[in-house]
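# Summary of structural features
Residue-level listing of the chains:
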Amino acid sequence: MVKLYGFSGSTCTRLVALICKEKDVPYELTSVNLAKGEQKATSHTAIQPFGQVPYIDDDGFILYESRAIARYLSKKYPNQGTSLTPSDPKAEALFEQAASIEIFNFTNFVQPIVFEKVFKLRRGLQTDEARVTELLASLQSKMDAYEVILSKQKYLASDSVTLADLYHLPYGTAFYGLGGSFAEVFDSRPSLLRWWKDISSRPAWLAIKDGA
């Protein structure tokens, strides 16, 4: 059983839990309470030197960074659960392309919006609305490109779901949940919305979206 060290509600911890569910890999969550700053404790930073979550212990193999963990689990169990990383060179290249798209054209905009609109408020801080407006405007053109891609194929890399699609779920769910003009980013683009409804209704995500 994979030992997962993280915080149940954290975006990155839920991403790892999601991949475990998709790959039928049992895991045991050991809570690292971010609200209490446990991720900065010496015992934690001795393993995760950046003082972040999550990390895994897979029979003595320690790994941190959620996307690295996702790739590791997908590669270790290629024939178990959902196939999420293609092995054919061309298909793998398209997957890598899609994974890059996710980081630089989605998460780089959605993550700071969620930080401003959700995480800052939880800390009693004021949202920088000008920053949110700027980020949202930049995101619109990126989602126009998503619409083009997804009008031609079912998922971001091809007609098969990959890690690149699932990477969108933790922050994308928080973003879409803001409603209003934020949800409209997806709702106003039919192919993007079809894709979002597909990935966000996957049983593995529904099982852990409210906590790993």
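Residues numbered from 1 in each chain as written. Predicted model: local features only at pLDDT ≥ 70, side-chain atom pairs only at ≥ 80, totals over all residues. Heavy atoms only, no water.

### A word on the sheet that holds strand β1 (residues 2–6)
Pairing is mixed in the open sheet, where four strands are placed in the order β2-β1-β3-β4. Edge strands, defined here as strands with exactly one partner in the open sheet, are β2 (27–31) and β4 (61–64). Neighbour-to-neighbour, the strand axes of this sheet turn through a mean angle of 20°, independent of strand direction. (Pairing = 2+ DSSP bridges. Helix = DSSP H or I, 4+ residues; strand = E, 2+ residues; numbered from the N terminus. Axes fitted to C-alpha atoms, helices over the stretch in contact; angles between N-to-C directions.)

### What to know about the side chain of Glu102
Looking at the secondary structure, you find Glu102 in helix α4 (residues 89–122). Not counting residues within four places of it along the chain, the set of residues in contact with Glu102 comprises Arg67, Thr107, Tyr146, Ala164, Tyr167 and His168. (Contact = heavy atoms within 4.5 Å.)

### Observations regarding the UniProt feature "domain: GST N-terminal" (unreviewed entry) in the protein
UniProt's entry tags residues 1–81 with the feature "domain: GST N-terminal" (unreviewed entry), counted in the numbering of this structure. The span residues 1–81 is 33% helical and 22% strand by assignment, and the distance between its end C-alpha atoms comes to 15 Å. (UniProt positions renumbered as here; feature names shortened; annotations may be inferred.)

### Examining the packing of aromatic side chains
Going through the model one piece at a time under the given rule, you end up with twelve aromatic pairs. For the pair Phe50 and Tyr64, a centre-to-centre distance of 6.4 Å together with 70° between the ring planes defines the contact as edge-to-face. Pair noted here: Phe50 is in the loop between α2 (42–45) and β3 (55–58) and Tyr64 is in strand β4, with a separation of 14 residues, a long-range link. Geometrically, the ring pair formed by Tyr176 and Trp196 is tilted, given 6.3 Å between the ring centres and 45° between the ring planes. Remark: Trp196 occurs in helix α9 (residues 190–200) and Tyr176 occurs in helix α7 (residues 169–176); sequence separation between them is 20 residues. Under the relative-accessibility criterion, Tyr176 is labelled partly exposed at 26%. (Phe/Tyr/Trp six-rings, centres within 6.5 Å; stacked < 30°, edge-to-face > 60°. Buried < 20%, exposed > 50% of the residue type's maximum accessible area, 1.4 Å probe, protein only.)

### Topic: the layout of surface pockets
Once rolled over the atoms, a probe with the size of a water molecule shows which space is left empty. Considering only enclosed or pocket space, the largest pocket measures out at about 850 Å³ in volume. In this structure, the largest pocket is lined by 24 residues; those nearest its centre are Ser10, Thr11, Leu34, Arg123 and Tyr171. Looking at the lining of the largest pocket, the elements that each hand over two or more residues are α1 (11–22), α3 (66–76) and α4. Here the lining of the largest pocket is composed, by residue class, of ten nonpolar, nine polar and five charged. The calculated volume of the second largest pocket comes to roughly 180 Å³. Every residue lining the second largest pocket is counted, 13 residues in all, and those nearest its centre are Cys12, Arg67, Glu102, Thr107 and Tyr171. Contributions of two or more residues to the lining of the second largest pocket are made by α1, α3, α4 and α7. (1 Å grid on protein atoms, 1.4 Å probe; cavity = no way out; pocket = protein on both sides within 12 Å on 5 of 7 lines; lining within 4 Å. Points joined across faces, edges and corners; volume = space filled by probe spheres on them. Nonpolar A, V, L, I, M, F, W, Y, C, P; charged D, E, K, R; others polar.)

### A closer look at the pairing of β1
Residues in a regular strand point their side chains to alternate faces of the sheet. Burial runs high along β1: four of the five residues are buried. In terms of strand pairing, β1 meets β2 through five bridges, oriented parallel. From the neighbouring strand, Tyr5 faces β2, where its bridge partner is Thr30. Remark: the β1/α1/β2 crossover connection has right-handed handedness. (Right-handed = clockwise from strand over helix to strand, strands pointing away.)

### Some details on the pattern of salt bridges
Using the criterion set out here, one finds ten salt bridges in the structure. Across the pair Glu22 and Arg202 runs a salt bridge whose closest N-O atoms are separated by 2.7 Å. Taken together, the positions of Glu22 in helix α1 and Arg202 in the loop between α9 and α10 (203–208) put the pair 180 residues apart, joining distant regions of the chain. Both residues of the pair, Glu22 and Arg202, count as buried. Glu92 is the partner of Lys75 in a salt bridge, and the nearest nitrogen-oxygen pair spans 3.6 Å. One end of the pair, Lys75, is in helix α3; the other, Glu92, is in helix α4, with 17 residues separating them in the sequence. Overall, the relative accessible area of 52% leaves Lys75 in the exposed class. On the basis of relative accessibility, which here comes to 26%, the residue Glu92 falls in the partly exposed class. (Salt bridge = Lys/Arg side-chain N within 4 Å of Asp/Glu carboxyl O.)

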